[in-house]
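Inside the fold
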Amino acid sequence: MGTKATLAILLAALLPALAGAGERVVLAPPVGTVVAVGQQFDVRAALPGRADVRWEVRLGERSLPGGEAPAGVFLARGVTLAHAGRHRLLAVARGGAGEVVATAETSVVARPWQGARGAKNVILLIADGMGHAHRTAARLALHGLEGGKPRGWLAMDTLPVEGVLTTSSLSGLVTDSAAAGHALATGTKTANGMLGVWPDDTPGQDDDNPRVEQLPRLLWRERRMVTGLVSNADLTDATPAAFVAAVADRGEAAGVAQAYRRAVAEGYLPVLLGGGARHLLPGGELPAEFAAAGHRLVRTASELEAARRDGASRLLGLFHSGHMNTEFDRQRRGDPEVVKEFPDQPSLEAMTRAALAALARHPHGFFLMVEGALVDKQAHNGDQERVVWEMLAFDRAVAAALEFARATNTDGVPGNDTLVIVTSDHETGGAVLPGVVAAGCRGSRDCLLTYDAGGFPSAADADSDGFPDVVDGERKVALHFAAGPDRYEDWLAQPRPVPLALGRAGRDRLVIPNPERDGGTGVWLGGITPVSVPPRGYAPTQTVHTAVDVPLSAYGPGAETLAGVRDNTEVFFAILRAVGGGGVAARR
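Residues numbered from 1 in each chain as written. Predicted model: local features only at pLDDT ≥ 70, side-chain atom pairs only at ≥ 80, totals over all residues. Heavy atoms only, no water.

Let us look at the overall build of the protein chain. Helix and strand counts for the protein chain stand at 14 helices and 31 strands. In summary, the protein chain has a C-alpha radius of gyration of 25 Å against a globular reference of 25 Å for 588 residues, a match within 12%. Projected onto its principal axes, the C-alpha positions of the protein chain cover 80 × 60 × 50 Å. By residue count, 58% of the 588 residues in the protein chain fall in the buried class. Considering only contacts within the protein chain whose residues lie at least 6 apart along the sequence, 73% involve residues at least 24 apart. Summing over all exposed atoms, the protein chain offers an accessible surface of approximately 22,200 Å²; the carbon and sulfur share of this is 52%. (Helix = DSSP H or I, 4+ residues; strand = E, 2+ residues; numbered from the N terminus. Rg over C-alpha atoms; globule rule 2.2 N^0.38 Å. Buried < 20%, exposed > 50% of the residue type's maximum accessible area, 1.4 Å probe, protein only. Contact = heavy atoms within 4.5 Å. Areas by Shrake-Rupley, 256 points an atom, 1.4 Å probe, with all protein chains shown as cover.)

Shown next as C-alpha cells:
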C-alpha cells in the first residue's frame, strides 16, 4: 500500500460490511465513491490473512471476472459503468467446500456527463497551498488600499464565479498534495501519499493497489482531447503526477516518470513543462517515447520562447534538475547566487503561454493543468516574500489563461469555448494577516501594528511588471504563518530560502528555531506544531497543511456549477459536465 497513514484508519473506509465468522472483507472502491459514466476503475476484495478463499463479485446485474491477483484476492481491472445511478457491489468469499466465509456489500454511484458539449478546452490552475490569506496578501502587496478599498485587483479576482472547496482526504482531516491532487484528477478520495490508486490491505506491497482513471486519459478516450501539464516543481512531484500516475507512494519518482512516458506513447500528453530533469532525462537523452511522438526538448527560457515562435505542438521542457527556483530568486531580488546553476528559467506565465500555443494546435481541444507549486513550498518555509512573489507569478499565469479564454469565448465561433478554473489543493501554513509591520522595528512583537495603529500597507508597481517595486517597504503587510514550529522573525526578506527550524530524524531529539533565519535580529515566536523529532521519517521543522477551505474562481461554460461550497472532488465532475457527452468508449 505504501502510505504513512495508519492501516486501521484506512480499513475503516474499506470495510462496508461484516459477515460470516466475523471476518472482515476489505473491498474497494472505498465507501462513498462516485465515478463518472465510462470512467475506468478497479474492484478489489480480500480477506486479510486468508489465501484459501475464492470470490464471487457482482456489480449491479453483472458478475465481474477476476484477473491476475495474489492468492485469496479478487481484482478486476478497468471496470466501467455505462449507466448513471447507484450500482450495488456485492462480494462473497467462499471456502474450500463452497461455504460462505464472509460477504461485503457497498455501492458505487456513476454520474452522467450532463448535456451537449460546451467547452472545447479546460484550463485548471492550481496554486499549491494557497488559502484566502495568501491571495489577499498578494493583492495588498501589489495594489495596496486607498480609502479602505483595494486600488486594484488580481487577475484571479476578476473571474465571475466564486466558491470554496473542502479538502480532507480519505485517511485524515488534513490532506497532503497527493490525495488532494488525486481528488481533483479522479473525482474520488484516497489516502494521503497516494496517486491514482486506493488503499488496500497490504501495506508492504505497492504493486497491487486498485486504480482509478484520471481525467486526462478519460478525456482522451472519450473525446480525443489532449493534455498539457505545467508546474514549477519537479514534475514527479505530487500535483502534476496526480493527473497521470498510479502509485501507492508519491515518492516513487521512477514510477511517475514511467507513467509520463506511457501517456506520451498513448498519445494524450503532448506538453510537459517544469523541473525534474534528473528523473525525466535519464542520461541526459530524450526518452524514446517522447522522441517517437515528436516532442521538442527545451531546457531554458530562451529555447522555450523559440519553440513557441516556431509553432511547436509537442514540448518537453525541463528547466531544472529538481524544483525550479522561485520567482523572487529568478528576478534576483535576493542573493543572485541562488540561481547560478540554472540562470535562464522561464516564468510560470511563459510556460503557460507556450503550453497554450502548443495545445491550441490540436483539433479536438485540450485540458491544461498549471501548478504554482512553490507557493506551498515557500509557505512551508514561512517565507513571506517568496510566497507573495509566487502568488503574483501564479496570477500572471492566470491572466494568460484568461486572455486565451476570453478570446475563444467571444470570437463568435461556436464549439471552441474555454473553461478556466483557479483554485488550490489545500492551505499551507495557517496563514493570517494580523496587521502592518512598523518600518525599522526589529526584535520585538511590538513591531506588529494592529488595527488603526498600522494604517494601510504601502504598495507600488511603477513599471507595471506585476510585482512590487520594493521588497521591504515602509509599511509592510504582515503575513504570519501560525501552523508551524518555534522560529525567529524580523519581517525582512531572506536573501536565500532557508528553513524555519532545524532537526534531523534519527539524530536530534527536539526541533529548534533556525538561527540562520533572523536569529540575530528577529523576535522569537512560539509555534504550535510538535517539537519532538521522530526516530525516522521527517522532523516537524516546517509549517504544515491545514484543513481550512480553499478559494475557487471560475469563468466560462459550466463555471456556475462550482459556485458556493463544494468538495474538491466536484471539480472533476464540473469539468466533465462542461465538456459534455460521455460514453463512446467500449465498456466492460
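A few words on the state of the cysteines. Following the criterion strictly, the structure yields one disulfide and no others. Residue pairing for Cys-441: its cysteine sulfur links by disulfide to Cys-447, the two sulfurs lying 2.1 Å apart. Between Cys-441 and Cys-447, the S-S torsion sits near -75°, and that sign places the bridge as left-handed. (Disulfide = S-S within 2.5 Å.)

The mixed open sheet is built from five strands, whose spatial order is E4-E10-E9-E6-E7. Of all the strands in the sheet, the pair left with one neighbour each is strand E4 (34–36) and strand E7 (62–63). Direction of pairing for strand E6 (residues 54–59) relative to E7: antiparallel, over a ladder of two bridges. Looking at E7, one finds that Arg-58 is bridged to Ser-63. (Pairing = 2+ DSSP bridges.)

Turning our attention to the sheet that holds strand E8 (residues 73–79). Strand order in the open sheet formed by three strands is E3-E5-E8, and the pairing between neighbours is antiparallel. Strands with a single pairing partner mark the edges of an open sheet, and in this sheet they are strand E3 (26–28) and E8. Pairs of neighbouring strands in the sheet enclose a mean axial angle of 5°, with direction left out of account. (Axes fitted to C-alpha atoms, helices over the stretch in contact; angles between N-to-C directions.)

This paragraph deals with the environment of Asp-344. Counting through the fold element by element, Asp-344 comes out in the loop between helix H10 (327–330) and helix H11 (348–359). Classification of Asp-344 as partly exposed rests on a relative accessible area of 30%. Separated by 42 residues in sequence, Asp-344 and Ser-302 have C-alpha atoms that sit 7.3 Å apart. Not counting the four nearest positions on each side in its chain, Asp-344 is found in contact with Thr-300, Ala-301 and Ser-302.

Among the nonpolar cores identified, the biggest contains 118 residues, and Leu-125, Phe-243 and Tyr-260 are the most heavily contacted of them. In this structure, Tyr-260 is in contact with Leu-229, Leu-235, Pro-240, Ala-241, Val-244, Leu-269, Leu-272 and Leu-280, ignoring residues within four places of it in sequence. Val-25, Ala-28, Ala-76 and Val-101 belong to the second-largest nonpolar core, a separate cluster that totals 28 residues. (Core = buried A, V, L, I, M, F, W, Y, C linked by side-chain atoms within 4.5 Å.)

It is worth spelling out the packing of aromatic side chains at this point. Evaluation of the coordinates by the stated rule reveals five aromatic pairs. Ring centres 6.5 Å apart and planes at 20° place the aromatic pair Trp-389 and Phe-467 in the stacked group. With Trp-389 in helix H13 (residues 384–409) and Phe-467 in the loop between strand E23 (448–449) and strand E24 (476–481), this pair connects stretches of sequence that are 78 residues apart. We classify Phe-467 as buried; its relative accessible area is 4%. A connected cluster of aromatic rings, assembled from ring pairs, spans Phe-328, Trp-389 and Phe-467. Over the ring of Trp-220 we find Arg-224; its NZ or CZ atom is 4.3 Å from the centre of that ring. When the ring centre of Tyr-555 is taken as reference, the NZ or CZ atom of Arg-406 above it lies at 5.6 Å. (Phe/Tyr/Trp six-rings, centres within 6.5 Å; stacked < 30°, edge-to-face > 60°. Lys NZ or Arg CZ within 6 Å of the ring centre and 35° of its normal.)

In this section: the pairing of strand E30 (residues 550–555). Taken across its six residues, E30 has six buried, putting it largely inside the fold. What you see with E30 is no split at all: Val-550, Leu-552 and Ala-554 on one side and Pro-551, Ser-553 and Tyr-555 on the other are buried throughout. As judged from the five bridges shared by strand E14 (residues 161–166) and E30, these two strands associate in the antiparallel manner. Bridge pairing in E30 links Val-164 to Pro-551. Summarising the sheet, strand E20 (residues 417–423) and E30 pair through three bridges and their orientation is antiparallel. In the strand pairing of E30, Val-422 is matched with Ser-553.

The subject of this paragraph is the pattern of salt bridges. Tallying each qualifying case throughout the model produces 37 salt bridges. A salt bridge links Glu-289 to Arg-261; the shortest N-O distance between them is 4.0 Å. Here Glu-289 is found in helix H8 (residues 288–293), whereas its partner Arg-261 is found in helix H6 (residues 253–266), with 28 residues between them in sequence. The class of Glu-289 is partly exposed, set by a relative accessible area of 29%. When its relative accessible area of 24% is taken as the criterion, Arg-261 is described as partly exposed. Sharing partners across several salt bridges, the network here consists of Arg-44, Asp-200, Asp-201 and Asp-208. (Salt bridge = Lys/Arg side-chain N within 4 Å of Asp/Glu carboxyl O.)

So, on to the confidence of the model for the protein chain. Of all residues in the protein chain, 94% have pLDDT values of 70 or greater, and the mean over the chain is 93. Counting contacts from residues 1–7, a segment whose pLDDT is below 50, to residues more than four positions away or on other chains yields 26 contacts. (pLDDT = per-residue confidence, 0-100.)

What follows concerns the environment of Pro-540. Tracing the sequence through the fold places Pro-540 in the loop between strand E28 (523–525) and strand E29 (545–546). We classify Pro-540 as buried; its relative accessible area is 18%. Distance from Pro-540 to Val-100, taken between C-alpha atoms, is 48 Å for residues 440 residues apart in sequence. In this view, Pro-540 contacts Pro-485, Val-511, Thr-529, Pro-530, Ser-532, Val-533 and Pro-534; residues no more than four positions away in its chain are not counted.

Our next topic: helix H9 (residues 301–310). Of the positions making up H9, those classed as buried are Ala-301, Leu-304, Ala-306 and Ala-307. Buried-residue contacts for H9 involve strand E16 (271–275), strand E17 (296–298), strand E18 (315–318) and H11. Taken from the residues just after H9, Gly-311 is the one with a positive phi, measuring 80°.

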